[in-house]
Amino acid sequence: MASSSSRSYKDKDAGVVLSFNGQWVSWSHTVAASLAFLSALVIGSALHYHKIVQNEWYGYPQEWFPSVSATIGDRYPERSIFMLFIAITSGPRFALVGLWYLLTAKPGRTLPKLIGWSGIIRTLTCGGWTYITSTDDHDWHDILMISYIVFTIPWTTGCIALSPPNAKAIKYRKYIAGAFFGTLVPLVYFFIQHKVHRVAGAYTIYAFFEWALIVLDVSFDAVTALDFDSLEITIRDVKGASKGVNHSSVPTAVLEKEKEQATGGVYSAGFRFGEFLDIAADVYHGFVFWSILTSLGVVIWYFPLWHMGISGYEALVMTTISPFLLAIRPLRSFIVSNQRITHLLSLAGLLAYLVKDPVYRLFTVGFGVSMGCLSWAATWYSDSVQPTRLEARILAWTIGLLMSSVAKFAWYTNNPIWPIMHAENGGWNATGLFLAILAALRFTRRGPHQGGNTTEKKSGSSVLSAIGIGGLFFGLHSLLSDTSTMILWVWDGYPIRGPVSNVHGWYTIASTTVGILIGVLRPGFATSWTAYGLGCIGAAYLTLYEQWRGYYGGLTLAAYLMAIAVPMIGNAAKKSPAATFGLGFLIYNFLVLFHVWVVAYAFVPGGPLVREHTDWIMITMMLALGIGLFDLISQQAKNNNSSSKKKVGVIRPVNTHHRKYHFGVLGVLNLLFLSANFLRFPTNDYKPYHAKDRLFTAGIWTIHFSLDNDMWSSEYRMRDLIKEMEVDVIGLLESDLQRVIMGNRDTTQFLAEDLGMYVDYGPGPNKHTWGAALLSKFPIVNSTHHLLPSPVGELAPAIHATLDVYGTLVDVFVFHSGQEEDPEDRRLQSEYLSKLMGSTNRPSVLLSYLVTEPLKGNYNTYVSDVSGMHDVDKTDWDRWCEYILFKGLRRTGYARVSRSTITDTELQVAKFVVPNSEEDSKFAWGVPEDVRDRRVEEHEVPEGWRFPKMFRGEGVRGHRYHVFDEPRYYNF
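Keep in mind it's a predicted model, so treat the numbers as computed, not measured. (Residues numbered from 1 in each chain as written. Predicted model: local features only at pLDDT ≥ 70, side-chain atom pairs only at ≥ 80, totals over all residues. Heavy atoms only, no water.)

**Some words on the overall build of the protein**
Step number 1: When helices and strands are counted, the protein shows 31 helices and 16 strands.
Step number 2: In terms of overall size, the protein behaves like a compact globule, its C-alpha atoms giving a radius of gyration of 32 Å where 972 residues would be expected to give roughly 30 Å.
Step number 3: Its C-alpha atoms give the protein principal-axis dimensions of roughly 105 × 80 × 45 Å.
Step number 4: Expressed as a percentage of its 972 residues, the buried residues of the protein come to 59%.
Step number 5: Across the protein, contacts joining residues at least 24 apart in sequence account for 76% of those joining residues at least 6 apart.
Step number 6: A total of about 37200 Å² of accessible surface is found on the protein, and carbon and sulfur atoms cover 62% of it. (Helix = DSSP H or I, 4+ residues; strand = E, 2+ residues; numbered from the N terminus. Rg over C-alpha atoms; globule rule 2.2 N^0.38 Å. Buried < 20%, exposed > 50% of the residue type's maximum accessible area, 1.4 Å probe, protein only. Contact = heavy atoms within 4.5 Å. Areas by Shrake-Rupley, 256 points an atom, 1.4 Å probe, with all protein chains shown as cover.)

In structure tokens:
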């Protein structure tokens, strides 16, 4: 009984001492949680109003409403009162989770157990971030907060799916959950406006959305009062809700359909752990394929990089065309019947990290790529007679690409299982290989659906289908294998007017997720000319525009590529695998080489013909996709005019049970990305090393595309030297890695975030340079990118940035000159840059690669009355590439540090003091040359002006002061 909420006493003779209605658990939880937050807000506003509305950029009156974190943070007494009420809340909270499980649990159902555990973990993590503030332990506070948000998603959706047949409760849950997740969008937007763009008042608006989340979170759990009304604490079900009895006027079938729609059908079928493992293994195996394929370009690139031209090893790019072997019927029969062998052999690409010799490592990766391409082509072909299984395989492959992007984001654009990674630079190779073996074994545990000698069905042109496959594979690899690629295409400097890699990368993941869903759930639209037209518009916008407009085009293109992948690969799988996938990978290779030729035109045969024509690549890719789509649509039209009900062109799986697991994996990957995104969110509170001395250390380093002499990724080693040399501002050259051949990487992300620096990536990958980037401890107020005159040779990139250095605006130029073989290019570039440097009357520093001898030729254009610049040390005769110039500053030190085996170029650094007054500034500008260049001993300069002692003598890790064997100091 106990339908009355006031009933609290039972007949003791019946064995019941106390009884109360279950809804009181909900109400006590709601009241205690509400009091916790409300009391903190009221008391905090009354006692510390101006302090809790203050943030790192603004205070009252620009910011006038406190955030949740500021309200419940470190101040007494509001923090203590909040913690008291949260402790009181914990009892009803655990009781609420327990009652919900008892109410929804049914024999043979796993979902109630999973949701119950998610509720318990969610409660524990709430206590974690509540009692461990960011001041106590910032990392654990963030980890527990992220965990709480992550487990809120299954708790919310699971509660909707498990709701008893109560129309009012279901309606409230849907509305509240929709409002909760909808609030996250403006919440993130205004947080970015505050944190990145420093907009006054943005944090106040963010605070309102943050408080709205608290209200909605508590309200969602309060709805349980409508369901717990049927329980009395003995505990006994008095209305039969736990047995599924419907007391509502709405039919049960209608309510069940409404719950299924609200949760996307994810929970509609039973959960089977074995099926989940199958899908997880398939997706991981797809991730392994993409990891090996994307590593091939990096290990190939090592050789032309060190040969300064074509090395011959580039031929291994053709290892992808191994599906041509399937044209041999006996071999095809063997491979299709023994897929486990070839799939396991493909894992050689992961074992390659154990091979120390770069040549043998390259061949090991090439073998792994060859086996991987052959295996997947055979798998798709053999499964093509079973649409459900084929769709599952294609989904695993496409979601594997998304997983690769997530992993690369978490590892700062490096893949942790690449052969250029190992334990010393953050690699997880052994773990990845162990999981890959398990995944491959499970992936291949079922036999093929057809043998290798099956006659291919006449279902359109294999050649047309192959052209589409080549365009698709290239688009997926070149644009979607890293979330920062398209963002850097549209990057144009400071102030920030577009997306940023470590803030907005999830937009790329979200668009690819949407694309996968469209391709599976709406294949008719995905294979329409309308969708293709939208994809073409997106490609055009990405190619032609910068900032948000270009990125929106990229997101559209990303969604289209993922949407067309499932039907296009499904169509190709029904034809000859040698023709569709062998020729498809050959066309993909052509596009990859085309993609490199447009920037490497000065080093390759025929290069000048395609110089700087990324637009031609994009047009070729979209035309290839259009040709493949034409073949697919033609088949649909023929089938529609045929009496046969069998659709050859589009996959029509009957059993779609696997989709809920694939969609679940998509959801998990999105959550993992958002968690990494939260941890990587920029703090923008970076501090220089010697602020008290008003000194900054500037450096220039050519980083050789972040591959060291032994073919290992070199970010960690670069980070260590830059940190130990206490460099505040550094120019990095040969830094553009956002191409297939370089692994679609971005070293600047890791260096900037780990060292605590602002970063300007420089001209993007679609600007056809080898890269120039700027990292700074000081805010970058403004920056512009320049492509200097290069009528014959490679393009010369330059950055002109204005930094706020201790309140003084200082201009910094980062520049990479053309090659020695192109003297006219270098002459024109010297004149351009000299005028550019001379155009500013602010203190300035040039961090450059000039390709000239000191005091000769173009040197006298860079160091001239036009530019107003001075050489950091004109007596240093042993220079050819790297130079540091300056004006309007007090140069106090200069050093050259050997490279070890990190790159092929040393690190040059110089120390400068920023004038503190107008009188100091006039002196710095007008000081006579002999006074400016007067050298002194180290003991004659203040301690804060000195270079680290650890690099004297033999130095450390192969780094030491060389050429002069010690730093040089100046004082005037």
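Next comes the rest of the write-up.
**Structural notes on the confidence of the model for the protein**
Step number 1: Summarising the model, the protein shows a mean pLDDT of 87, and 91% of its residues fall at 70 or more.
Step number 2: Low confidence marks residues 1–15, where pLDDT is under 50. Its contacts with residues over four positions away, or in another chain, come to 31 contacts. (pLDDT = per-residue confidence, 0-100.)

**Examining the side chain of Thr905**
Step number 1: Relative to the elements of secondary structure, Thr905 occurs in the loop between strand E13 (890–897) and strand E14 (907–913).
Step number 2: Classification of Thr905 by relative accessible area gives buried; the value is 13%.
Step number 3: A polar contact is formed between the side chain of Thr905 and the side chain of Asp904, at a distance of 2.9 Å.
Step number 4: In this structure Thr905 touches Trp701, Thr702, Glu882 and Arg899, once residues within four positions along its chain are discounted. (Polar contact = N/O pair within 3.5 Å; in protein donor to acceptor, adjacent residues only side chain to side chain.)

**Brief notes about the packing of helix H14 (residues 358–383) against helix H23 (residues 577–597)**
Step number 1: Packing of H14 against H23 brings their axes to within 10 Å, and their N-to-C directions diverge by 145 degrees. The crossing of H14 and H23 is right-handed. Between H14 and H23, the residues in contact are Cys373, Ala377, Trp380 and Tyr381 and Pro577, Phe581 and Phe585, respectively.
Step number 2: When the residues that make up the contact of H14 with H23 are grouped by side-chain class, the tally is seven nonpolar, no polar and no charged. (Axes fitted to C-alpha atoms, helices over the stretch in contact; angles between N-to-C directions. Left-handed = near helix turned anticlockwise from the far one by under 90°. Nonpolar A, V, L, I, M, F, W, Y, C, P; charged D, E, K, R; others polar.)

**Considering helix H15 (residues 387–410)**
Step number 1: The terminal C-alpha atoms of H15, which comprises 24 residues, lie 34 Å apart, in line with the 34 Å expected from a rise of 1.5 Å per residue.
Step number 2: Burial analysis of H15 places 21 of its 24 residues in the buried class, which makes it a mostly covered element.
Step number 3: Remark: Tyr412 follows H15 within two positions and exhibits a positive phi of approximately 55 degrees. (Expected span 1.5 Å × (residues − 1).)

**Details of the packing of aromatic side chains**
Step number 1: Inspection of the entire model under this criterion finds 54 aromatic pairs.
Step number 2: Centre to centre, the rings of Phe65 and Phe208 are 4.4 Å apart; their planes meet at 10 degrees, and the pair counts as stacked. Here the residue Phe65 occupies a position in the loop between helix H1 (23–52) and helix H2 (68–71), and Phe208 occupies one in helix H7 (residues 202–222), the gap between them amounting to 143 residues.
Step number 3: Look at Tyr284 and Phe287: their rings are 5.3 Å apart centre to centre, the planes differ by 50 degrees, and that puts the pair in the tilted class. Of this pair, Tyr284 and Phe287 both sit in helix H10 (residues 273–307), three residues apart, which is roughly one turn of that helix. As far as the burial class goes, Tyr284 and Phe287 line up, both buried.
Step number 4: Aromatic ring contacts, followed pair by pair, group Phe289, Trp290, Trp376, Trp380, Trp397, Phe443, Phe473, Phe581, Phe585 and Tyr588 into a single cluster.
Step number 5: Here the basic side chain of Arg93 rests over the ring of Trp155, its NZ or CZ set 5.2 Å away from the ring centre.
Step number 6: In this structure, Arg680 packs its charged tip against the face of Phe409, placed 4.2 Å from the ring centre. (Phe/Tyr/Trp six-rings, centres within 6.5 Å; stacked < 30°, edge-to-face > 60°. Lys NZ or Arg CZ within 6 Å of the ring centre and 35° of its normal.)

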